[in-house]
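# Structure assessment
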There are 2 protein chains.
Amino acid sequence: MSLKDTLREIVENVDGGLAAIIMAYDGIPIDEVIVAETEFDLQLMIVEYATVLKEIKRAVAVMKVGKMEEVSITTGQVRVVMRVLNDELFAVLVMAKEGNFGKGRYLLRLKAHSMAEELG
Amino acid sequence: MSLKDTLREIVENVDGGLAAIIMAYDGIPIDEVIVAETEFDLQLMIVEYATVLKEIKRAVAVMKVGKMEEVSITTGQVRVVMRVLNDELFAVLVMAKEGNFGKGRYLLRLKAHSMAEELG
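For the structure given in this document, a descriptive report is provided here.

Scoring rules and cut-offs
- Residues numbered from 1 in each chain as written.
- Chains lettered and ligands numbered in written order.
- Predicted model: local features only at pLDDT ≥ 70, side-chain atom pairs only at ≥ 80, totals over all residues.
- Heavy atoms only, no water.
- Core = buried A, V, L, I, M, F, W, Y, C linked by side-chain atoms within 4.5 Å.
- Buried < 20%, exposed > 50% of the residue type's maximum accessible area, 1.4 Å probe, protein only.
- Contact = heavy atoms within 4.5 Å.
- Helix = DSSP H or I, 4+ residues; strand = E, 2+ residues; numbered from the N terminus.
- Expected span 1.5 Å × (residues − 1).
- Bend = angle between axes of the 7 residues up to and from the residue.
- Least-squares fit on C-alpha atoms with pLDDT ≥ 70 in both.
- Pairing = 2+ DSSP bridges.

A separate point is the nonpolar core. Met45 and Val94 of chain A together with Met45 and Val94 of chain B are the most contacted members of the largest nonpolar core, which has 54 residues in total. When sequence neighbours within four positions are dropped, the list of residues in contact with Val94 of chain A reads Gly16, Gly17, Leu18, Ala19, Phe40, Leu42, Met45, Val78, Arg79 and Val80 of chain A. Among the nonpolar cores identified, the runner-up in size contains 40 residues, and Met95 of chain A together with Ala20, Ala24 and Ala112 of chain B belong to it.

This is how it looks when you write it as structure tokens:
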């Protein structure tokens, strides 16, 4: 299964799924599937969150609590789950506020290994 | 119910609950209940995560996606859920990796309003 197919499978099987994206920490998207228009600027959001994730990775490294695995951020309008794939890349699932957060997290975790393998 | 009682109720009713803390963004704990020793430096972790949360708050403000409500960070050893109480304070639940994440998030959300009221 291609990366795009995997991203599509994740986002289409979660109630409220808006987009699934593979990103580098520098904010560059590697692959993405966007299934719904958003009222906010999706590209701006994921670039800002990539910066945030880099900051968390730095903080986690000094704490000796294991490697960063997953970060989720909920705001008034949107939920975002980010899961680390390897040292350079992470997967992002963007969901509507009332979406199925538990299933979103589950699917992202379930597919993380195969996405990481696909990315070499 | 006092703030400490509420924190205790949250952390003692979640499988894997280690600590519940009310923090300011500058990294100063307002109140805390710690129910289990951790292998890592809990105080260092929450100070680092307060800095991270301030960074996320700043990023969210430029995105127009509503206010920051909840952030969770999972590493190899520990899960942390943070919920905004007001402009200055947030509540933190620290859990073992295999703890009941869903229930932890639920209890923190459920009690956020009363904690915010208690804090004036």
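All names here are of chain B. In this model, helix α3 (residues 101-118) (18 residues) spans 25 Å end to end at C-alpha, consistent with the 26 Å of a helix rising 1.5 Å per residue. In the structure, α3 departs most strongly from a straight axis at Ala112, where the bend amounts to approximately 40°. Of all the positions in α3, only Phe101, Gly104, Arg105, Leu107, Leu108, Lys111, Ala112 and Met115 are classed as buried. Positive backbone phi, approximately 75°, marks Gly120, located one or two places after α3.

Bringing the relation of the copies chain A and chain B into the picture now. For the match of chain A to chain B, the screw axis carries a shift of 0.0 Å, the RMSD comes to 0.0 Å, and the turn is 180°. The relationship between the two copies is best expressed as a two-fold rotation axis. For chain A, the smallest separation between a C-alpha atom and the rotation axis is recorded for Ser72 of chain A, amounting to 2.6 Å. With an isologous cut-off of 70% or more, the 100% of interface residues of chain A that recur at the interface of chain B puts this contact in the isologous class.

This next bit is on the pairing of strand β5 (residues 89-96) of chain A. Residues and elements named next belong to chain A. In terms of residue burial, β5 counts as a mostly covered element, since eight of its eight residues are buried. Across seven bridges, strand β4 (residues 78-84) lies against β5 in antiparallel orientation. Pairing of Val81 across the sheet is with Leu93, part of β5. Connecting β4 to the antiparallel partner β5 that follows it, the hairpin turn spans four residues.

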